[in-house]
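Residues per chain, in single letters:
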Amino acid sequence: LPERSFDVITAVEMAEHAGLRNYRKFLRKVINLLTDNGTFYIQVAGLPRGYSTTYNHYEELQWGLWMSQHVFPGADASCPMGWVITQLEQ
């Protein structure tokens, strides 16, 4: 990309395509492209974190495997939202 900055950057499903290995590299690039007071909107297909006794983690695993096979082949689409938020805060 040319040397310039942006007031707003929006990423829709881009993080999944960057994958776990390149997640921080992707976020650093966004930070470097934002102006000092810029805004970053990110939409991800992350997994929720459930804590109730009736929460079915197997369904979450099935969803993640299905997404990886049919929607984001070769990418990482099954990151828990807590993990995504931690990456954004760092």
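Everything quoted here is computed from the prediction, not taken from an experiment.

A. Seen up close, helix α1 (residues 14-33). Look at α1: only 15 Å from first C-alpha to last across 20 residues, short of the 28 Å you get at 1.5 Å a residue. Of all the bends in α1, the greatest, near 115 degrees, is centred on leucine 20. Within α1 the residues assigned to the buried category are Ala15, Glu16, Ala18, Gly19, Tyr23, Phe26, Leu27, Val30 and Leu33. Those residues of α1 that are buried lie in contact with β1 (6-12), β2 (34-43) and α3 (81-89).

B. Representation of the packing of aromatic side chains. All told, the structure shown has two aromatic pairs when counted by the stated rule. Relative to phenylalanine 26, the ring of tyrosine 23 has its centre 6.5 Å away and its plane inclined at 75 degrees; by these criteria the two rings are edge-to-face. Here the residue tyrosine 23 and the residue phenylalanine 26 both occupy positions in helix α1, the gap between them amounting to three residues, near one helical turn. For the pair tyrosine 23 and phenylalanine 26, one class covers both residues: buried. Exposure remark for tyrosine 23: the relative accessible area of 3% places this residue in the buried category. The rings of Tyr23, Phe26 and Trp83 are connected pair by pair, giving a single aromatic cluster.

C. Inspection of the environment of valine 12 at higher detail. Looking at the element boundaries, valine 12 is found in strand β1. Through-space distance from the C-alpha of valine 12 to that of valine 44 is 6.7 Å; in sequence the pair is 32 residues apart.

D. Structural detail: the nonpolar core. One finds Ile9, Ala15, Tyr23, Phe26, Val30, Val44 and Val84 to be the most contacted residues of the largest nonpolar core, which totals 13 residues. Where this core is concerned, the elements lending two or more residues are β1 and α1. Considering each element in turn, this core owes the most residues, seven residues, to α1. Not counting residues up to four positions away in its chain, the partners in contact with phenylalanine 26 are Ala11, Met14, Ala15, Ala18, Phe40 and Ile42.

Parameters at a glance
Here the residue numbering is sequential within each chain, running from 1 through the sequence in written order. The model is predicted, so local features are restricted to residues of pLDDT at least 70 and side-chain atom pairs to those at 80 or more, both for listing and for counting; the totals for chains, interfaces and linings are taken over all residues. As a rule here, side-chain values cover all heavy atoms of the structure and leave hydrogens and water aside. Each helix is a run of H or I in the DSSP string that is no shorter than four residues. Each strand is a run of E no shorter than two, and both are numbered from the N terminus. Here the expected length of a helix is defined as 1.5 Å per residue gap, with one fewer gap than residues. By definition, a residue's bend is the angle between the axes fitted to the seven residues ending there and the seven starting there. A simple rule labels every residue: compare its accessible area, found with a 1.4 Å probe on the protein chains alone, to the largest value its type can have, and call it buried under 20%, exposed over 50%, or partly exposed in between. In what follows, a contact means two residues having at least one pair of non-hydrogen atoms within 4.5 Å. Pairing of aromatic side chains requires ring centres within 6.5 Å, counting the rings of Phe and Tyr and the six-membered ring of Trp. Pairs whose planes differ by under 30 degrees are stacked, by over 60 edge-to-face, and all others tilted. What we call a nonpolar core is a set of buried Ala, Val, Leu, Ile, Met, Phe, Trp, Tyr and Cys residues that are connected through their side-chain atoms within 4.5 Å.

This is a description of form; function is not addressed.
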